[in-house]
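Each chain, letter by letter, is given below.
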Amino acid sequence: GKSGYDHFMIKEIHEQPRALRQCLRERVDEMAGTVDLDDLGDLSPTGVHFVACGTSYHAALYGAQLFREAGIPAQAFLASEYATSVPPIGDALVVGVTQSGETADTLSALRAAQKRGARTLVVTNVVGSTAARECDHAFYIRAGPEIGVAASKTFSSQLAALNLLTLGMTRSDEAREVINALRELPGDLQRILDESRAEEVAETYTGAGAYFFIGRGLQFPVALEGALKMKEITYKHAEGFAAGELKHGPLALVTSETPVFAVIIGDDEKARKTVGNVKEVEARDAPVVAITDGQTDVHRYADHVLEIPETHERAAAVLANAHLQLLSYHVAAKLGRNIDKPRNLAKSVTVE
Ligand code: M6R
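Source: prediction; values computed, not measured.

A. Focus on the packing of aromatic side chains. What the rule picks out here adds up to 5 aromatic pairs. Look at phenylalanine 50 and phenylalanine 67: their rings are 5.9 Å apart centre to centre, the planes differ by 55°, and that puts the pair in the tilted class. Highlighted residues: phenylalanine 50 in strand 3 (residues 48-52) and phenylalanine 67 in helix 3 (residues 54-69), separated in sequence by 17 residues. In this pair, the class of phenylalanine 50 matches that of phenylalanine 67, namely buried. Measuring from ring centre to ring centre gives 5.7 Å for phenylalanine 212 and phenylalanine 241, while their planes differ by 50°; the resulting arrangement is tilted. In this pair, phenylalanine 212 is assigned in strand 8 (residues 210-215) and phenylalanine 241 in strand 9 (residues 237-242), connecting sequence segments 29 residues apart. The same class applies to phenylalanine 212 as to phenylalanine 241, namely buried. Among the aromatic residues, ring-to-ring pairing joins Tyr211, Phe213 and Phe261 into one connected group. In this structure, arginine 27 packs its charged tip against the face of phenylalanine 139, placed 4.1 Å from the ring centre.

B. Quick look at unusual backbone geometry. Here the phi dihedral of serine 3 falls at roughly 45°; this positive angle occurs in a residue that is not glycine. Along the chain, the position of serine 3 falls in the segment before helix 1 (8-14). For arginine 142, which is not glycine, the phi dihedral falls at a positive 55°. By the secondary structure assignment, arginine 142 is in the loop between strand 7 (137-140) and helix 7 (153-169).

C. The sheet that holds strand 3, seen in detail. With parallel pairing, 5 strands are arranged side by side in an open sheet as 4-3-5-6-7. For this open sheet the edge positions go to strand 4 (74-78) and strand 7, each flanked by a neighbour on one side alone. On average, each strand axis in the sheet is inclined to that of its neighbour by 20°, with strand direction left out of account. Looking at chain direction, strand 5 (residues 93-98) and strand 6 (residues 119-124) are connected through 6 bridges and run parallel.

D. The arrangement of the nonpolar core in detail. Within the largest apolar cluster, 88 residues are counted, with the highest numbers of intra-cluster contacts made by Phe50, Leu121, Leu165, Tyr211, Phe213, Phe261 and Leu327. Ranked by the residues each element gives to this core, the list is headed by helix 12 (residues 313-334), at 13 residues. Residues contacting tyrosine 211, with those up to four places away along its chain left out, are Tyr205, Thr206, Met230, Lys236, His237, Ala238, Glu239, Pro259, Phe261 and Val331.

E. Region of the structure containing helix 2 (residues 16-24). Of all the residues in helix 2, the buried ones are Gln16, Pro17, Ala19, Leu20, Cys23 and Leu24. In a view along the axis of helix 2, the buried residues occupy a sector of 160°, so they form one face of it. Its buried side turned inward, helix 2 meets helix 1, strand 1 (28-29), helix 7, helix 8 (175-195) and helix 12. One or two steps after helix 2, the chain reaches glutamate 26, where phi turns positive at roughly 60°.

Rules and cut-offs
- Here the residue numbering is sequential within each chain, running from 1 through the sequence in written order.
- It should be noted that, the model being predicted, local features are given only for residues of pLDDT at least 70 and side-chain atom pairs only at 80 or more, the latter also being counted only at that level, while totals for whole chains, interfaces and linings use all residues.
- To obtain the side-chain values, all non-hydrogen atoms of the structure were included, while hydrogens and water were left out.
- Only the six-membered ring of Trp is used, alongside the rings of Phe and Tyr, when aromatic pairs are assigned; centres must lie within 6.5 Å, and planes under 30 degrees apart are stacked while those over 60 apart are edge-to-face, with the rest tilted.
- Helix and strand labels come from DSSP, where a helix needs a run of H or I of at least four residues and a strand needs a run of E of at least two; each type is numbered from the N terminus.
- The buried label applies to any residue whose accessible area, calculated with a 1.4 Å probe on protein chains only, is under 20% of its type's maximum; exposed applies above 50%, and partly exposed to all values in between.
- Over a ring means this: the NZ of a Lys or the CZ of an Arg is within 6 Å of the ring centre and within 35 degrees of the ring normal.
- A pair of strands counts as paired when DSSP detects no fewer than two bridges linking them.
- To obtain each axis, a line is fitted to C-alpha atoms, and for helices this fit is confined to the stretch in contact; angles are then taken between N-to-C directions over 0 to 180 degrees.
- The nonpolar core is taken to be a set of buried Ala, Val, Leu, Ile, Met, Phe, Trp, Tyr and Cys residues, with the residues joined through side-chain atoms within 4.5 Å.
- Should any heavy atoms of two residues lie within 4.5 Å, those residues are counted as being in contact.
- What the arc measures is the spread of directions leading from the helix axis to the C-beta atoms.

That's the geometry; what it means functionally is another story.
Next up, the structure:
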């Protein structure tokens, strides 16, 4: 049941701290600063192709970035496109990211890769799913069953799992720092769920004409995911952009009727450039909501701030996403949408 919540989605949003603990449990050796990948063996890939759809594709974009940061060529592909035109695989490991393990497009992409002799691994939530049975290796995110059509806790757990995979398969000077941030993540997330002002922001912008989301680097997939969730459950127009792309076209859409949600973490060059993009939209009278740890001066240009604590940018992505989940949820609730079963959508998409 919904354990007293109005919808499965909000229940599952609140289950995230627990889901994350489950994902990390017995896999992380905090003393040694290492990650044990269960029985995956020694995969040490020289390259990685991720294939996935929808929310899982956003997790894949994040995962590919983590591997690249560790010096391993990695790219995320939309599964439907990968199967249509399979890129040269060489000896890359092909990683499917699929909550259900049953998504037809993702299964096709994995099968196409296998046909070309590629080794495959699936990151999935469902033990015994088709993808888990067909791939050479399976890594379980252990999020527990997700009933709402909108992916929520499984996305957070995918991000955590992809951190574990990268740490387990590569050498990184940052390993200990990332492990510490992952350890803090369930508690930090709990505080966001308890204290987020996303409902207030949702109330302010329920009547907006469109919602735009921007982010750079690891926060770019978070922007895409924020927009997908908004479309899916509110039926309102929403788009996620790489912050730097705004001025290459989408800026023409920005008006006082289109709130822009900017995810800005840390105070490095990426963050400062995104603050620059925020100034551009503010100059066009767009309301700005900053999802930030407050290390830049973005609050000077923002109408609202959804705060997250200072942590590693990898963990910050999960925290920023939680605010955006709550935002979409509350907009959808105010509009009276069928949140757990949005029109035209199915939990697992078994046709191509
Ligand atoms: O089960 P999968 O992770 O393979 O599903 C992929 C997409 O269909 C799924 O993430 C979809 O985009 C969600 N409903 C988004 O909330």
